[in-house]
Amino acid sequence: MTTRRSFLATLAAGAALPATGWAGLGAPVLLAAGRWPDGGFRIAGMDAGGGITFTTPLPERGHAAAAHPHRPLAVAFARRPGTFALVIDCTTGTVQARLTPPSGHHFYGHGTFSADDTLLFTTENAYELGQGRIGIWDTRDWSRIGAVDSGGTGPHDMALMPDGKSLVVANGGIETHPDSGRAKLNLATMRPNLTYLGLDGEILDRVELSDDLHRNSIRHLALAPDGTVAFAMQWQGDAAETPPLLGLHRRGAAPRLLAAPGPLHARLRGYAGSVALSQGAALVAITSPRGGVAHLFDIETGAFLHAHPMDDICGLAAAPDALVCTSGTGAVARITRDGAIHLKRHDCNWDNHLVPGPRA
């Protein structure tokens with residue numbers, strides 16, 4: 001009988017497949033969750049100009065989605081501590097399946113597919129144990145194969161590395177339990193990290209920040225083709241302190257932390273909501289809904305380039321020679337080195353993330 005570990009090991013030995021690109025399949029190029037005027041929650045597809053191509057109702061508030069690497073499908077996740085994930089046809093908006101984590105687990109709002117699309121990986125909290133898990137699902141029938149240790153507490157975001165054979169996990173370090181709502185239970189002892197996992201669950205590398213930054217929760221990720229990981233953080237310490245909220249990491253090197261000059265950085269109020277790299281990986285940006293601003297950096301030099309204000313900005317995704325952002329006011333805009341260009345404003349409140357579909 002094929003075991004979960006042997007199946008995953010076989011998968012890890014396979015080569016990554018090229019992405020087809022959603023636009024050529026008639027699918028949207030961006031996905032975002034939001035709240036609509038009737039009070040209901042939806043996931044929406046958007047075209048390159050910010051126009052809505054479909055909306056699909058969600059049972060509760062959504063967070064992010066995982067875009068299928070080849071077909072116009074996505075899995076929309078509940079916001080922590082939610083327990084639903086919907087498999088959606090992004091050409092029609094129809095729901096094809098619903099995933100539910102096992103008893104004692106909840107989703108953290110993010111996931112990713114394997115390069116050959118046979119597996120879906122989901123960040124989860126095994127909350128009775130206070131341990132992070134990566135759930136593993138067979139995409140042929142959306143059945144659950146099992147789970148592996150995330151390498152830390154509170155795994156939030158996760159991404160497939162460019163080699164197609166490993167994952168990077170943002171273990172935020174924060175212990176929570178549904179009985180306590182969204183309360184953070186271990187701030188004095190939290191230890192966030194980046195963990196690199198083989199697809200069979202083997203821990204390949206684990207990177208922590210210095211002791212004085214142990215309350216800087218590593219939350220969201222973006223990847224460059226050369227394997228550089230950009231990570232956004234959320235400070236859980238004294239509000240008067242202003243530690244860096246953006247980091248860059250390559251395996252084998254120490255993390256590189258970036259921040260705007262003092263007063264500009266302080267405006268973020270300790271909170272980076274999303275991170276993204278431009279398609280050419282020349283630019284990296286973070287957004288802060290608390291500060292109402294996006295900060296743009298040169299990824300090679302780490303130099304701060306610009307601050308772009310926008311009320312309640314948070315969602316962020318790559319676009320050619322630019323980035324696209326969304327806000328809680330319903331706005332959609334492009335961000336370049338020179339400024340922000342308004343695209344659309346919709347009658348909704350966009351949630352935290354903007355997810356790009358695969359490009360051709």
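Residues numbered from 1 in each chain as written. Predicted model: local features only at pLDDT ≥ 70, side-chain atom pairs only at ≥ 80, totals over all residues. Heavy atoms only, no water.

A.B. asks: It is not clear to me how the side chain of Asp-351 should be interpreted in this structure. Could you clarify?
C.D. replies: Considering the arrangement of structural elements, one finds Asp-351 in strand β28 (residues 349–356). Contact partners of Asp-351, with chain neighbours within four places excluded, come to Ala-33, Gly-34, Arg-61, Gly-62, Gly-315 and Thr-326. (Helix = DSSP H or I, 4+ residues; strand = E, 2+ residues; numbered from the N terminus. Contact = heavy atoms within 4.5 Å.)

A.B. asks: Sorry, what's going on with a positive patch on the surface here?
C.D. replies: Positive charge collects at one region of the surface, where Arg-182, Lys-184, Arg-269 and Arg-290 lie side by side. With respect to the helices and strands, Lys-184 occurs in the loop between β13 (166–171) and β14 (193–198). (Patch = residues over 30% accessible without salt bridge, like charges linked within 9 Å, V, L, I, M, F, W, Y side chains within 5 Å. Areas by Shrake-Rupley, 256 points an atom, 1.4 Å probe, with all protein chains shown as cover. Salt bridge = Lys/Arg side-chain N within 4 Å of Asp/Glu carboxyl O. Lys, Arg positive; Asp, Glu negative; His and termini not counted. Charge placed at Lys NZ, Arg CZ, Asp CG, Glu CD.)

A.B. asks: Teacher, can you tell me more about the sheet that holds strand β15 (residues 203–207) here?
C.D. replies: The strands making up a sheet associate through hydrogen bonds between their backbones, and the pairing can be parallel or antiparallel. Strand order across the open sheet formed by 4 strands is β12-β13-β14-β15, with antiparallel pairing between neighbours. Bordering the open sheet on either side are β12 (155–160) and β15, each of which pairs with just one other strand. Pairs of neighbouring strands in the sheet enclose a mean axial angle of 20°, with direction left out of account. Pairing of β14 with β15 involves 4 bridges; the strand directions are antiparallel. Across the sheet, Tyr-196 pairs through a bridge with Asp-205, a residue of β15. (Pairing = 2+ DSSP bridges. Axes fitted to C-alpha atoms, helices over the stretch in contact; angles between N-to-C directions.)

A.B. asks: Is there a simple way to think about the pattern of salt bridges in this case?
C.D. replies: Side chains that differ in charge, positive against negative, can pair when their charged atoms come close. Scanning all chains against the criterion turns up 8 salt bridges. Between Glu-124 and Arg-144 there is a salt bridge, with its nearest N and O atoms 2.8 Å apart. Remark: Arg-144 occurs in strand β11 (residues 143–149) and Glu-124 occurs in strand β9 (residues 119–126); sequence separation between them is 20 residues. We classify Glu-124 as buried; its relative accessible area is 0%. Overall, the relative accessible area of 26% leaves Arg-144 in the partly exposed class. One salt bridge in this structure joins Asp-138 and Arg-140, with 2.5 Å as the shortest N-O distance. (Buried < 20%, exposed > 50% of the residue type's maximum accessible area, 1.4 Å probe, protein only.)

A.B. asks: In this structure, what is going on with the environment of Gly-130? I would like to understand it.
C.D. replies: With respect to the helices and strands, Gly-130 occurs in the loop between β9 and β10 (131–138). Here the alpha-carbon distance between Gly-130 and Gly-154, two residues 24 residues apart in the chain, equals 8.4 Å. When sequence neighbours within four positions are dropped, the list of residues in contact with Gly-130 reads Thr-153 and Glu-175.

A.B. asks: In this structure, what is going on with the state of the cysteines? I would like to understand it.
C.D. replies: Where two cysteines share a covalent bond between their sulfur atoms, that bond is called a disulfide. If you walk through the whole model with that rule in mind, you get 0 disulfides. In this structure Cys-90 is not part of a disulfide, and its nearest cysteine sulfur, from Cys-348, lies 17 Å away. As a non-bridged cysteine, Cys-314 has Cys-325 as the owner of its nearest cysteine sulfur, 10 Å distant. (Disulfide = S-S within 2.5 Å.)

A.B. asks: What's the story with the packing of aromatic side chains in this structure? I'm lost.
C.D. replies: The description of two aromatic rings rests on the distance between their centres and on the angle between their planes. Tallying each qualifying case throughout the model produces 5 aromatic pairs. Ring geometry for Phe-297 against Phe-304: centres 5.4 Å apart, planes inclined by 65°, an arrangement best described as edge-to-face. Residue classification places Phe-297 among the buried positions, given a relative accessible area of 1%. Judged by its relative accessible area of 23%, Phe-304 falls in the partly exposed class. Joined through ring pairs, the aromatic side chains of Phe-77, Phe-107 and Trp-137 make up one cluster. The positively charged end of Arg-251 is found above the aromatic ring belonging to Tyr-196, 5.5 Å away from the centroid. (Phe/Tyr/Trp six-rings, centres within 6.5 Å; stacked < 30°, edge-to-face > 60°. Lys NZ or Arg CZ within 6 Å of the ring centre and 35° of its normal.)

A.B. asks: It is not clear to me how the sheet that holds strand β18 (residues 246–249) should be interpreted in this structure. Could you clarify?
C.D. replies: Spatial strand order, β16-β17-β18-β19: 4 strands in an open sheet with antiparallel pairing. Two strands lie at the open edges of the sheet, namely β16 (216–223) and β19 (256–258), each paired on one side alone. With direction set aside, neighbouring strand axes in the sheet form an average angle of 30°. As paired elements, β16 and strand β17 (residues 229–235) share 7 bridges and run antiparallel to each other. Pairing of Leu-223 across the sheet is with Val-229, part of β17.

A.B. asks: Please clarify how the nonpolar core should be interpreted in this entry.
C.D. replies: Side chains of a nonpolar character, in soluble globular proteins, are inclined to be buried together. Formed by 33 residues in total, the largest nonpolar core has its most connected members in Val-168, Leu-194, Val-275, Val-284 and Ile-286. When contributions to this core are tallied by element, the ones reaching two or more residues are β13, β14, β16, β17, β18, β20 (274–277), β21 (283–288) and β22 (293–298). Top element by residues in this core is β17. It accounts for 6 residues. In contact with Val-168, not counting residues within four places along its chain, are Asp-157, Met-158, Ala-159, Met-161, Leu-194, Thr-195, Tyr-196, Leu-221, Leu-223 and Val-229. (Core = buried A, V, L, I, M, F, W, Y, C linked by side-chain atoms within 4.5 Å.)

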